[in-house]
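A structural walkthrough
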Amino acid sequence: MKRGNQELMTIPTLLPPAGGKLTIFRAAIATRGALALLALAVSLATGCGAARPSKYYQLTVPPNSAASENANTLPITLLIGRITAPALYREDQIVYSSGRENMGTYEYEKWAEPPTEMIAEILLRQFRASGHFHGVYTLRSDIRGDFLLHGHLYDFREVEGGSIVGRVTLELEMRDIKTGTIVWTHFYTHDEPAGGKDINSVVAALDKNIQRGVAEFRASIDQHFAEHPPTAKP
């Protein structure tokens, strides 16, 4: 507490004037105390000020619609597992950096959900909408799958330098659930230039970058199964 506030809280000790009434003396003390508390409240309100509201941003997530099977549909069920990441990307902060080691987070600009969860949702809906799989579900569901897709997020941040970019570094791997072996891996990293220096431009660059990465993962997995066709279920 500030010294000024302590002074406002100090009430001088007064004696009732000779011949005065005790009720008048008590009223004077109560009034002085009320004024001191009122002054303290005004001082605190002036010093703290109104809190700045937070703003929230979200990546573009495709509609949750199941695509109809076609001639290219693979007879497998794909499960989307966890995307692990450093602690910064498991929270809702938007991360920025000015070099290889210096990193920080915006105080009032945040993600609507942790990046790892938003990316997993994009993977789920993009692979489901492709129509290339018999079924695509989350690992948390009760569905038994044939392959598990999961990965690790290394970078998802604004990078300041000669220009501002949105950097995404993500590695995915696919595991055969029956045998436990890893049958496919793909490493993606890309710096997407931001259209401006404001936070909206940074979010747009990161959004565009992750959409580009998911499209690259899909194409790579399609190529894998074209070269290693799965056997039809009995």
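What follows deals with the nonpolar core. Among the nonpolar cores identified, the biggest contains 43 residues, and Leu78, Trp111, Phe133, Leu149 and Phe156 are the most heavily contacted of them. Put simply, the parts of the chain that give this core at least two residues each are strand 2 (74-84), strand 3 (93-97), helix 3 (115-130), strand 5 (133-138), strand 6 (147-160), strand 7 (164-176), strand 8 (182-193) and helix 4 (199-227). Setting aside residues up to four positions removed in sequence, Leu78 forms contacts with Phe127, Phe133, Gly135, Val136, Tyr137, Phe147, Leu149 and Met174.

Our next topic: the side chain of Glu192. Note on placement: Glu192 falls in strand 8. Residue class for Glu192 comes out buried when judged on its relative accessible area of 10%. Here His190 takes part through its side chain, which lies 3.1 Å from a polar atom of the side chain of Glu192. Excluding anything up to four places from it in sequence, Glu192 contacts Ile164, Val165, Gly166, Ala205, Lys208 and Asn209.

A few words now on the confidence of the model for the protein chain. Scored by pLDDT, the protein chain comes out at a mean of 82, with 73% of its residues at no less than 70. Per-residue pLDDT stays below 50 along residues 1-29; that stretch engages in 18 contacts with residues further than four places along the chain or on separate chains. A low-confidence stretch, residues 42-47 stays under pLDDT 50, and its non-local contacts, those more than four residues away or across chains, total 2 contacts.

For the coordinates displayed, the defined rule picks out 6 salt bridges. Here Glu121 and Arg125 are joined by a salt bridge, their closest N and O atoms 2.7 Å apart. Taken as a pair, Glu121 and Arg125 lie in helix 3 at a separation of 4 residues, close to a single helical turn. Residue classification places Glu121 among the partly exposed positions, given a relative accessible area of 26%.

Right, let's talk about the packing of aromatic side chains for a bit. Following the criterion strictly, the structure yields 8 aromatic pairs and no others. Seen in terms of ring centroids, Phe133 and Phe225 are 6.2 Å apart; in terms of plane orientation they differ by 80°. Their pairing is edge-to-face. Remark: Phe225 occurs in helix 4 and Phe133 occurs in strand 5; sequence separation between them is 92 residues. Neither residue differs from the other here; Phe133 and Phe225 are each classed as buried. Grouped by ring-pair contacts, the aromatic residues Phe127, Phe133, Phe147 and Phe225 constitute a single cluster.

Here Gln58 shows up in the loop between strand 1 (55-57) and strand 2. On the accessibility criterion, Gln58 (48% relative accessible area) is partly exposed. Residues Gln58 and Trp111, spaced 53 residues apart in sequence, show a C-alpha to C-alpha distance of 5.9 Å. Not counting residues up to four positions away in its chain, the partners in contact with Gln58 are Trp111, Ala112, Glu113 and Met118.

What follows covers the environment of Leu206. Topologically, Leu206 is positioned in helix 4. For Leu206, a relative accessible area of 1% gives the class buried. The sequence separation of Leu206 and Gly166 amounts to 40 residues, and the corresponding C-alpha distance is 4.8 Å. Setting aside residues up to four positions removed in sequence, Leu206 forms contacts with Leu59, Trp111, Phe156, Arg157, Gly166, Arg167 and Val168.

Reading the values: the criteria
Residues numbered from 1 in each chain as written. Predicted model: local features only at pLDDT ≥ 70, side-chain atom pairs only at ≥ 80, totals over all residues. Heavy atoms only, no water. Core = buried A, V, L, I, M, F, W, Y, C linked by side-chain atoms within 4.5 Å. Buried < 20%, exposed > 50% of the residue type's maximum accessible area, 1.4 Å probe, protein only. Helix = DSSP H or I, 4+ residues; strand = E, 2+ residues; numbered from the N terminus. Contact = heavy atoms within 4.5 Å. Polar contact = N/O pair within 3.5 Å; in protein donor to acceptor, adjacent residues only side chain to side chain. pLDDT = per-residue confidence, 0-100. Salt bridge = Lys/Arg side-chain N within 4 Å of Asp/Glu carboxyl O. Phe/Tyr/Trp six-rings, centres within 6.5 Å; stacked < 30°, edge-to-face > 60°.

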